[in-house]
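Chains, contacts and geometry: an overview
If you want the building blocks of each chain, they are given just below.
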Amino acid sequence: MKPPPKPTSDWQDLLRIAQGSPLLIERVGIPDKGITVEGQFTLPELARLSLEDQVFVVAFLRSHGSIKEMEQTFGVSYPTIKARLNRISGQLQFIETNPSPSRAEVLERLRAGEITAEEAIRALEALK
């Protein structure tokens, strides 16, 4: 007798149905807060990876980045793990964690006296 199938998440089902096609989210709800927002939302980059690549990324994180452990988990060689990491990382853009201030932000800081006129000029020139 076969064991019952493992339950899958709605997310996994949705990715299988989409078969790699882009997804557009049009409604987001936060049930605990009673909030619903409607519009067009794109998914974060990690959510746009294939289900198999998402599983691979989770395994990599759980192994604390140990390629040796990844080799054992997936039963493949070091070059195979590195190639897959390179392929996945090539699909992801680096997110700037300290973005340059906008022109309006620089001018507001100048107006508030937080920076000098010289500092404001340098910051505005850097935006060009």
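Residues numbered from 1 in each chain as written. Predicted model: local features only at pLDDT ≥ 70, side-chain atom pairs only at ≥ 80, totals over all residues. Heavy atoms only, no water.

Taken domain by domain, the protein chain consists of domain 1 (45–97) and domain 2 (98–127). Here the C-alpha centre of domain 2 lies 39 Å away from the C-alpha centre of domain 1. (Domains from an automatic or database assignment.)

With that out of the way, let us pick up the pattern of salt bridges. Tallying each qualifying case throughout the model produces six salt bridges. For glutamate 38, the salt bridge is made with arginine 27, and the minimal N-O distance between the two is 4.0 Å. One end of the pair, glutamate 38, is in strand β2 (residues 35–42); the other, arginine 27, is in strand β1 (residues 24–30), and eleven residues separate them in sequence. Both residues of the pair, glutamate 38 and arginine 27, belong to the exposed class. If you follow the salt bridges from partner to partner, you end up with Asp53, Arg84 and Arg87 in one network. (Salt bridge = Lys/Arg side-chain N within 4 Å of Asp/Glu carboxyl O. Helix = DSSP H or I, 4+ residues; strand = E, 2+ residues; numbered from the N terminus. Buried < 20%, exposed > 50% of the residue type's maximum accessible area, 1.4 Å probe, protein only.)

Here we come to the layout of surface pockets. Roughly 270 Å³ of volume is contained in the largest pocket. Lining the largest pocket are 16 residues, with Leu15, Gly20, Ser21, Arg48 and Leu49 positioned closest to its centre. Elements represented by at least two residues in the lining of the largest pocket include exactly α1 (10–18), α2 (45–48) and α3 (51–62). Among the elements that line the lining of the largest pocket, the one with the most residues is α1, at three residues. Each residue belonging to the lining of the largest pocket can be placed in one class, and the counts come to eight nonpolar, five polar and three charged. (1 Å grid on protein atoms, 1.4 Å probe; cavity = no way out; pocket = protein on both sides within 12 Å on 5 of 7 lines; lining within 4 Å. Points joined across faces, edges and corners; volume = space filled by probe spheres on them. Nonpolar A, V, L, I, M, F, W, Y, C, P; charged D, E, K, R; others polar.)

Among the nonpolar cores identified, the biggest contains eight residues, and these are Leu49, Phe56, Ala59, Ile67, Met70, Ile81, Leu85 and Ile88. Only α3, α4 (67–74) and α5 (78–91) provide two or more residues apiece to this core. With three residues, the single largest contributor to this core is α5. Ignoring sequence-local partners within four residues, the contact set of phenylalanine 56 consists of Met70, Phe74, Ile81, Arg84, Leu85 and Ile88. (Core = buried A, V, L, I, M, F, W, Y, C linked by side-chain atoms within 4.5 Å. Contact = heavy atoms within 4.5 Å.)

It is worth spelling out a nonpolar patch on the surface at this point. Residues Val28, Ile30, Ile35 and Val37 make up a contiguous nonpolar surface patch of roughly 290 Å² in combined accessible area. Taken together, the elements giving at least two residues each to the nonpolar patch come down to β1 and β2. Tracing the chain through its elements places valine 28 in strand β1. (Patch = residues over 30% accessible without salt bridge, like charges linked within 9 Å, V, L, I, M, F, W, Y side chains within 5 Å. Areas by Shrake-Rupley, 256 points an atom, 1.4 Å probe, with all protein chains shown as cover.)

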